[in-house]
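Residue-level structural notes
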Amino acid sequence: MGTHAPTRSPGQRLRESARFPLQPTALLLLGGLALAHLVAWLPLGFLVDLAVWVALYKYAFECLRLAANGQMRAPRPALHPDDSLGWAHVWLQVVFFAVNLIGFLALGPIAGSVLAVLLALALPAAVMTLAIEENLPRALDPRAWFVLANRIGQPYFIGAGLQFAFNAGAHQAQALAVPWLPPAVVLVLFLFVIHCVVLANFHLMGRLINEFHE
């Protein structure tokens, strides 16, 4: 396990990460991206919608790296067109989803559920490895996950559990939508919440790297 004592409690990390997307710079960007998802309803709009997700992940990685270096303010969106990390994260999620699906089909619901929990625990390590090394094959290497989780220790698993709770709660948000709201408004509000959760998760991972960088 990690050899360095955590400088923040799990509750502090949760509060600080949850507040991060509420900074004006981040709010404006996340709101704009949530509106941009409406293009998905247009013919072939899913292609543009994919680019919106890539832009979100690109910004999230930028926030993760700044947090890893001790900078906790939301940055202005980068203007350079390098979206490689954003696309790499999309492929990372595709691989994790495919392994999860194969697990359910090949192993059955019980073993498949166990595999899904293990993948949920491993995903933050894969994302942090991708941010540090900018190498998708390395981010998909379970050995890298074990090394990173072992160096951080217990706070890693607490952070992974918080991310799981974040994600589970966010995906229930759409069910709480007011029935009389137009579908477009419901979609934008739901995706805005999802974007905030993504950014909070990435900021939390950056904080963990910053605390246990040695």
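Going by the structure above, here's the rest.
Residues numbered from 1 in each chain as written. Predicted model: local features only at pLDDT ≥ 70, side-chain atom pairs only at ≥ 80, totals over all residues. Heavy atoms only, no water.

**Some remarks on a nonpolar patch on the surface**
Worth spelling out the cut-off: Each patch is built from salt-bridge-free residues with over 30% relative accessible area, joining like charges within 9 Å and nonpolar side chains (Val, Leu, Ile, Met, Phe, Trp, Tyr) within 5 Å. Using a 1.4 Å probe, the Shrake-Rupley method yields the accessible areas, and only the shown protein chains count as cover for residues. In what follows, salt bridge is the name for a side-chain nitrogen of Lys or Arg lying within 4 Å of a carboxyl oxygen of Asp or Glu. Helical segments are the DSSP runs of H or I of at least four residues, strand segments are the runs of E of at least two, and each set is numbered from the N terminus. We call a residue buried when its accessible area falls under 20% of the maximum for its residue type, exposed when it is over 50%, and partly exposed in between, using a 1.4 Å probe and counting protein chains only.
A cluster of nonpolar side chains, namely Leu44, Phe46, Leu47 and Val48, defines an oily patch on the protein surface of about 430 Å² accessible area. For valine 48, the location among the structural elements is in helix H3 (residues 45-68). Using a relative accessible area of 45% as the deciding quantity, one classes valine 48 as partly exposed.

**Topic: unusual backbone geometry**
Residues other than glycine seldom take positive phi values, yet glutamate 134 does so here, at roughly 55°. Note that glutamate 134 resides in the loop between helix H4 (84-133) and helix H5 (136-139).

**A look at the side chain of threonine 129**
Stated precisely, the cut-off is as follows: Contacts are assigned to residue pairs that have any heavy atoms within 4.5 Å of one another.
Examined against the element boundaries, threonine 129 turns out to sit in helix H4. Of the residues examined, threonine 129 reaches a relative accessible area of 3% and is grouped as buried. The contacts of threonine 129, once residues within four sequence positions are left out, are Glu134, Arg138, Ala139, Ala144 and Leu148.

**As for the packing of helix H2 (residues 24-36) against helix H8 (residues 183-211)**
Under the convention used in this document: Structural elements are reduced to axes, namely lines fitted to C-alpha atoms, with helices fitted over the stretch in contact, and the angle between N-to-C directions of any two is expressed from 0 to 180 degrees. Relative orientations are named as follows: roughly parallel for angles under 35 degrees, roughly antiparallel for angles over 145 degrees, roughly perpendicular for angles from 65 to 115 degrees, and oblique for any other angle. Left-handed describes a crossing whose near helix is turned anticlockwise from the far helix by less than a right angle; the clockwise case is right-handed.
It is at 8 Å that the axes of H2 and H8 come closest, and there the two elements cross at 135°. Relative to H8, the element H2 lies oblique. Where H2 crosses over H8, the handedness of that crossing is right-handed. Between H2 and H8, the residues in contact are Ala26, Leu27, Leu30, Gly31, Leu33, Ala34 and Leu35 and Val188, Leu191, Phe192, His195, Cys196 and Leu199, respectively.

**Topic: the nonpolar core**
Spelled out, the test is: The definition of a nonpolar core used throughout is a set of buried Ala, Val, Leu, Ile, Met, Phe, Trp, Tyr and Cys residues joined through side-chain atoms within 4.5 Å.
Counting residues in each nonpolar core, the largest one holds 49 residues, and the members touching the most others are Tyr156, Leu199 and Phe202. With 13 residues, H4 is the single largest residue contributor to this core. Non-local contacts of tyrosine 156, meaning those with residues more than four positions away in its chain, are made with Leu121, Ala122, Pro124, Ala125, Met128, Leu148, Ala149 and Leu208.

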